[in-house]
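Topology and contacts: notes
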Amino acid sequence: MEAVFAMDADARPATQAPGTGLADLPLRTDAWVQGLGMEAAAQDGDLLLRLLEIGFLPGERVRVVARAFPGGDPLAVRVGRSTFALRRREAALVRISTTPPGGAA
C-alpha cells in the first residue's frame with residue numbers, strides 16, 4: 001500500500017522534497033500535514049488509522065517540540081492543540097509541507 005491518505009499532489013510546494021516526513025522536521029518549525037504514506041508492511045494499517053484518529057489530517061499544523069536525548073527517539077509532536085509522543089518510525093509516516101495549505105503565508 002503506497003499512499004493511504006494524501007492531499008492533491010499540486011498542493012506540494014516546489015521547494016519541498018516529495019516524501020518529507022515529520023521525523024525530519026527541525027525543532028519548533030511550523031509545518032502542515034500533507035497526508036500519510038506507507039512504506040512498510042500492510043500490518044502498519046492500524047498505525048496509520050491511529051495517526052488519523054489523533055489528528056494527523058491534511059491541512060493540520062504540526063510542530064516537533066522536543067526530541068529525546070541522546071538518540072532523538074521519541075519525539076514530542078504538537079498537532080492542533082494536542083501534544084503526542086511519537087517514535088521516529090511513526091513520525092516518518094506523516095508527510096509534511098512547510099508551506100501553509102492554499103499557498104497562504
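Here is a short report on the structure shown in this document. (Residues numbered from 1 in each chain as written. Predicted model: local features only at pLDDT ≥ 70, side-chain atom pairs only at ≥ 80, totals over all residues. Heavy atoms only, no water.)

One finds Leu22, Leu51, Phe56, Val62 and Val94 to be the most contacted residues of the largest nonpolar core, which totals 20 residues. If you list the elements that add at least two residues to this core, you get β2 (31-37), α1 (45-53), β3 (61-67), β4 (75-79) and β6 (94-97). With residues up to four places along the chain from it excluded, the contact list for leucine 51 reads Leu36, Phe56, Leu86, Glu90, Leu93 and Val94. (Core = buried A, V, L, I, M, F, W, Y, C linked by side-chain atoms within 4.5 Å. Buried < 20%, exposed > 50% of the residue type's maximum accessible area, 1.4 Å probe, protein only. Helix = DSSP H or I, 4+ residues; strand = E, 2+ residues; numbered from the N terminus. Contact = heavy atoms within 4.5 Å.)

On to the side chain of glutamate 90, then. By secondary structure assignment, the location of glutamate 90 is in helix α2 (residues 88-91). Ignoring any residue separated from it by four or fewer positions in sequence, one finds glutamate 90 in contact with Leu47, Arg50, Leu51 and Ala85.

Along a regular strand, successive side chains alternate from one face of the sheet to the other. Relative to β3, β2 runs antiparallel, the two sharing 2 bridges. Residue tryptophan 32 lies in a different strand from β3, and its bridge partner there is arginine 61. Sheet topology note: the β3/β4 ladder contains 5 bridges and is antiparallel. Along β4, the bridge assignment pairs arginine 67 with leucine 75. (Pairing = 2+ DSSP bridges.)

A complete count under the given rule lists 5 salt bridges for this structure. The salt bridge partner of aspartate 30 is arginine 61, with a shortest N-O separation of 3.2 Å. A residue pair is termed long-range when its members are at least 10 positions apart, and aspartate 30 in the loop between β1 (3-6) and β2 and arginine 61 in strand β3 qualify at 31 residues. By relative accessible area, which is 44% here, arginine 61 ends up partly exposed. Measuring nitrogen to oxygen at the nearest pair gives 2.8 Å for the salt bridge that ties arginine 63 to aspartate 30. Here aspartate 30 lies in the loop between β1 and β2 and arginine 63 lies in strand β3, a separation of 33 residues in the sequence. A relative accessible area of 28% means that arginine 63 is categorised as partly exposed. Taken together, the shared-partner salt bridges in this structure form one network comprising Asp30, Arg61 and Arg63. (Salt bridge = Lys/Arg side-chain N within 4 Å of Asp/Glu carboxyl O.)

Turning to the environment of arginine 81, a few remarks are in order. In this structure, arginine 81 sits in the loop between β4 and β5 (82-86). Each C-alpha atom, one on arginine 81 and one on valine 62, is 9.5 Å from the other, the two residues being 19 residues apart in sequence.

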